[in-house]
There are 2 protein chains.
Amino acid sequence: MEQELIARFREIVGAKHAITDQALISPYLLEERGLFHGKTRLLLRPSSCAEVSSIMQLASKTRTPIVPQGGNTGLVGGQQPDEKGGSILLSMERLNKIRVMNLEGNFVVVEAGVILRDLQKKVGELGRFFPLSLASEGSCQIGGNLSSNAGGAAVLAYGNVRDLCLGLEVVLPDGRILDDLRFVKKDNTGYDLKNLFIGAEGTLGVITAAVLKIFPKIKGKAVALVGLYSLAKALEFLSLAQEYGGGMLTSFELMGNLSLQMALDYKMCEKSPFQQKHEWYVLMNISSLQGNDEALSILNIILEEALKNTVIEDAVVAQSLNQQDFFWQLRESISSAQKLAGGSIKHDIAVPPASIPDFIAEAALIVEDIAPGARVVCFGHMGDGNLHYNVTQPVGVDTTAFLQLWSKMNHRIHSLVMDYKGTFSAEHGIGQLKREELRSFKSSVALDIMQEIKKILDPLGIMNPGKVL
Amino acid sequence: MEQELIARFREIVGAKHAITDQALISPYLLEERGLFHGKTRLLLRPSSCAEVSSIMQLASKTRTPIVPQGGNTGLVGGQQPDEKGGSILLSMERLNKIRVMNLEGNFVVVEAGVILRDLQKKVGELGRFFPLSLASEGSCQIGGNLSSNAGGAAVLAYGNVRDLCLGLEVVLPDGRILDDLRFVKKDNTGYDLKNLFIGAEGTLGVITAAVLKIFPKIKGKAVALVGLYSLAKALEFLSLAQEYGGGMLTSFELMGNLSLQMALDYKMCEKSPFQQKHEWYVLMNISSLQGNDEALSILNIILEEALKNTVIEDAVVAQSLNQQDFFWQLRESISSAQKLAGGSIKHDIAVPPASIPDFIAEAALIVEDIAPGARVVCFGHMGDGNLHYNVTQPVGVDTTAFLQLWSKMNHRIHSLVMDYKGTFSAEHGIGQLKREELRSFKSSVALDIMQEIKKILDPLGIMNPGKVL
């Protein structure tokens, strides 16, 4: 990249925000899992949609690739430039204004660089609730959430971020601004363009702002940890919990006995709340707009009905906020415990909930075939059919050799998932990591349409190249 | 259209389902409001996706325009061929199978020709609930619902049909089949294509099947009719009802005094349940998964809180199913009463709920300017900001002369709506009726992208020509 070109981009955002010092750039190139090692000579930090538009106009004119980046928390390399270093990194962090808070309309208008937790807090202070909730919420940004169609813990009741978005402002690869910031839930005026940009991982344009739905505040919560006879019974229990809980059932997390045991073995948490071991566990939340009493009463109705009909084996209701936290800590410490148990091959998959028992039985055969003795640590958002199907190395084998089975294992597990009309990327997207899988598993008709859409919106191929397609 | 071409299409669906007899075709060409007078020489009634694919292949080869039609209940002429008669009408009524019912996964897979009420019933028999509900539900079809992104009475709690759809099967204009029938709520594998076809009014392809979400059964309902001091108070009341009702608040319908009065004046229903007149009324439903007791208890909490804080003036809670029906009859008879009061110019608009008071005040000035003495009959889904802003002729003037003000009135009201970041077609779409409005009010960037998308999917322009764009 020539100095003259850098100077022209610098003019748009100001010297302070056109960064070439590699020491300052390096945090933006750090990728948590160490899978990607992108390079760039220039980091731009625009502060407005107009600046982003000017950047894209110049990028178009000069055919300079642009890689948009939010909080840099993505897990598939979508926010990282390639190793050649010819792309400009576009950080959205300074577009961080909340433009509108509309309580009666239950919506907010926020810029792409707003950090998720900041939005949750601001909305909460006004007596409303923004349900998107992710492990990375302290640093991830709304623009990144939208570009990757983030899921998280509240999808069961509130949907993915796609379902929370009413409208977008997008800068197209040629610098044109698509202003589709509608403030209404109903709008049937032509093709739905916003959903094209949501989940496109920055390959079709740069999302600069969005209209997002907000919700009434949750006033009470009840949490239970439930021991189950079998996976089939877990399914029955899910149906029952939904029948009585409806939208108040905000979490329904499945954990295999081995998941819980690992958390306990590695002292990630204290002793199990159960006297007796169970094959499977469910951690569930009931949320109420009225208060804790109502949440508890609904939870008790569900548990009593389930115990009466031997749908569940045992249940422990959290008796305090501390105990609620402890139950969730059990669930959330599984990943860390798994790290201590050796290398793991991971899958971000979903199948229809009803297919989970069959899927798990068949997947176990694949695992045993490829890596005899490997340990399946399976847990996840059962209500969405979204499982973290993780395969931890057998005790005592070489970790590097085991991890070399990653692609082979992924591919066979993903093939099985597709047989169930499920997905090989439920939450994290494609980025750089799953491009091959996309080519293998997506229908050629869908791939063709995607390619054609990419071509009309980004004919020069400068928008986050090498990602998704 | 030559006989030879008709014969080739006939071969695909069989003689019985390739109809040229105008007497048999005429019901399909009937358009309820008499605004459109389409013609065709051939009606095809395929029974499978494969047949639709063969039809589109042949249509492509021979450049024959195809107009897909569901239950023929659309209000903007989207399902009607033009008057030249060169298009083939493609009725989806024989693609009427429910392919899959999956209760644990809370989804069904249905073909495009399934009638909405049939689906509601089948799902209900299995102890689940499909929330889409429209005045035309006895004859409208799922494919048409999806193609027009239908809204209706349950949007407040469940969203538009777009929000209820997990995946689609679509035949493209060239006959290729896009099989995107995913059975999972989370799927982040490339661009979201399904939302492109939902709401495209059959101009990008023919939807042949869909995966739709289903929900736990509603076990109880409470209904109240509420008298309000002012529109500003109606807003306050909406916030309060959402705060305590959340997802259980399934309807929140606004009615102006004149709307109710017309229904009473024309004896569409018996006397008002109120002693005293109010400026505005709200009809609200609380739905419960537990039963009537819970619904009533939540409704009472809301009403007591609102009365205590003088947010509302008066409220009547329906004491029986009969009275619930009577309250809804009041609401639903407004349109019929309005017909008896003379000609009306109608608007299917939405603005953010918080802007409703300002919008109504400003719109009244426009009405008075264009048609002094005209009567505003305003009612609708206030929770969604979606109003039927209908303008009934002044008493005693010539109806035809008044109706000639339609475009002028529409255009100025729609301009006002756009100032509020609202929409000039909240529910009904564009079809033939609102193409000019689309050109006036949609941004040129959005229109350009739509045109380009149309071009890549339907380069020959054979797919429902003359609609939307």
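What you see is a predicted model, and the numbers here were worked out from it, not measured in a lab.

Conventions used here
- Residues numbered from 1 in each chain as written.
- Chains lettered and ligands numbered in written order.
- Predicted model: local features only at pLDDT ≥ 70, side-chain atom pairs only at ≥ 80, totals over all residues.
- Heavy atoms only, no water.
- Domains from an automatic or database assignment.
- pLDDT = per-residue confidence, 0-100.
- Axes fitted to C-alpha atoms, helices over the stretch in contact; angles between N-to-C directions.
- Helix = DSSP H or I, 4+ residues; strand = E, 2+ residues; numbered from the N terminus.
- Left-handed = near helix turned anticlockwise from the far one by under 90°.
- Contact = heavy atoms within 4.5 Å.
- Nonpolar A, V, L, I, M, F, W, Y, C, P; charged D, E, K, R; others polar.
- Phe/Tyr/Trp six-rings, centres within 6.5 Å; stacked < 30°, edge-to-face > 60°.
- Buried < 20%, exposed > 50% of the residue type's maximum accessible area, 1.4 Å probe, protein only.
- Lys NZ or Arg CZ within 6 Å of the ring centre and 35° of its normal.
- Least-squares fit on C-alpha atoms with pLDDT ≥ 70 in both.
- Pairing = 2+ DSSP bridges.
- UniProt positions renumbered as here; feature names shortened; annotations may be inferred.
- Buried area = accessible area lost by both parts, 1.4 Å probe.
- Salt bridge = Lys/Arg side-chain N within 4 Å of Asp/Glu carboxyl O.
- Polar contact = N/O pair within 3.5 Å; in protein donor to acceptor, adjacent residues only side chain to side chain.

Draft legend 1. Main features of the domain arrangement of chain A. The assigned domain composition of chain A is domain 1 (3-91), domain 2 (98-216), domain 3 (220-337) and domain 4 (341-420). The C-alpha centroid of domain 4 of chain A is placed 32 Å from the C-alpha centroid of domain 2 of chain A.

Draft legend 2. Examining the confidence of the model for chain A more closely. Across chain A, the average pLDDT comes to 95, with 99% of residues at 70 or higher. Both scores are given for the predicted complex: the pTM is 0.95, the ipTM 0.95.

Draft legend 3. Representation of the packing of helix H8 (residues 231-245) of chain A against helix H10 (residues 292-308) of chain A. All names here are of chain A. Two numbers describe how H8 lies on H10: the axes approach to 10 Å, and their chain directions differ by 145°. H10 is crossed by H8, and the crossing has right-handed handedness. Contacts between H8 and H10 pair Phe237, Leu240, Ala241, Tyr244 and Gly245 from the former with Ile298, Ile301, Ile302, Leu303, Glu305 and Ala306 from the latter. Considering only residue class, the contact of H8 with H10 consists of nine nonpolar, one polar and one charged.

Draft legend 4. Highlighting the packing of aromatic side chains. Applying the stated criterion to the full structure yields 16 aromatic pairs over all chains. Here Phe237(B) and Phe252(B) contribute two aromatic rings whose centre-to-centre distance is 5.7 Å and whose plane-to-plane angle is 45°, an arrangement assigned as tilted. Of this pair, Phe237(B) sits in helix H9 (residues 231-245) while Phe252(B) sits in strand S13 (residues 249-256), and the two are 15 residues apart along the sequence. We note that Phe237(B), like Phe252(B), is buried. Their ring planes at 70° and their centres at 5.5 Å tell us that Phe359(B) and Tyr389(B) sit as a pair that is edge-to-face. In this pair, Phe359(B) sits in helix H14 (residues 356-370) while Tyr389(B) sits in strand S19 (residues 386-392), placing the two residues 30 residues apart along the sequence. As far as burial versus exposure is concerned, Phe359(B) and Tyr389(B) are alike and both buried. Pairwise contacts between aromatic rings join Phe129(A), Tyr158(A) and Phe215(A) into one cluster. Against the face of Tyr244(A) rests Lys219(B), its NZ or CZ located 4.4 Å from the ring centre.

Draft legend 5. Spatial organisation of helix H10 (residues 257-265) of chain B. Residue and element names in this part refer to chain B. Looking only at H10, the buried set comprises Asn257, Ser259, Leu260, Met262, Ala263 and Leu264. Buried positions along H10 lie against S13, strand S14 (280-288), helix H12 (321-332), helix H13 (334-340), strand S18 (375-381) and S19. A positive phi of about 55° marks Lys267, the residue just after H10.

Draft legend 6. Molecular detail of the relation of the copies chain A and chain B. At an RMSD of 0.1 Å, chain A and chain B line up after a rotation of 180° and a shift of 0.0 Å along the axis. On this basis, the relationship between the two copies can be described by a two-fold rotation axis.

Draft legend 7. Summary view of the sheet that holds strand S5 (residues 98-102) of chain A. All names here are of chain A. In spatial order, the strands read S5-S6-S10-S8-S9; together these five strands make up an open sheet with antiparallel pairing. Across the chains shown, the open sheet's two edge strands, defined by having one partner strand only, are S5 and strand S9 (177-180). The mean inter-strand angle of the sheet, taken between neighbouring strand axes irrespective of direction, is 15°. In terms of strand pairing, S5 meets strand S6 (residues 107-111) through four bridges, oriented antiparallel. Following the sheet pairing, Asn102 is matched in S6 by Phe107.

Draft legend 8. Region of the structure containing the UniProt feature "domain: FAD-binding PCMH-type" (unreviewed entry) in chain A. Per the UniProt record, the feature "domain: FAD-binding PCMH-type" (unreviewed entry) sits at residues 36-217 of chain A. Taken as a whole, residues 36-217 of chain A contains 21% helix and 24% strand, while its terminal C-alpha atoms sit 40 Å from one another.

Draft legend 9. Here's a closer look at the interface of chain A and chain B. Residue-level contacts link 88 residues of chain A with 88 residues of chain B. Across the chain A/chain B interface, buried area totals approximately 7,400 Å², and carbon plus sulfur atoms make up 55% of it. Of all residues in chain A, Lys186(A), Asn188(A) and Tyr191(A) bury the most surface against chain B, accounting for 14% of the area lost on that side. Between Lys186(A) and Glu427(B) there is a salt bridge, and its shortest N-O distance comes to 2.7 Å. The interface formed by chain A and chain B holds 38 residue pairs in polar contact (both at pLDDT 80 or more) in total. When residues of the side of chain A that touches chain B are traced back to their parent elements, those giving at least two are helix H6 (155-158), S9, helix H7 (194-197), H8, H10 and helix H17 (444-457) of chain A. Among the elements that make up the side of chain A that touches chain B, the one with the highest residue count is H17(A) (ten residues).

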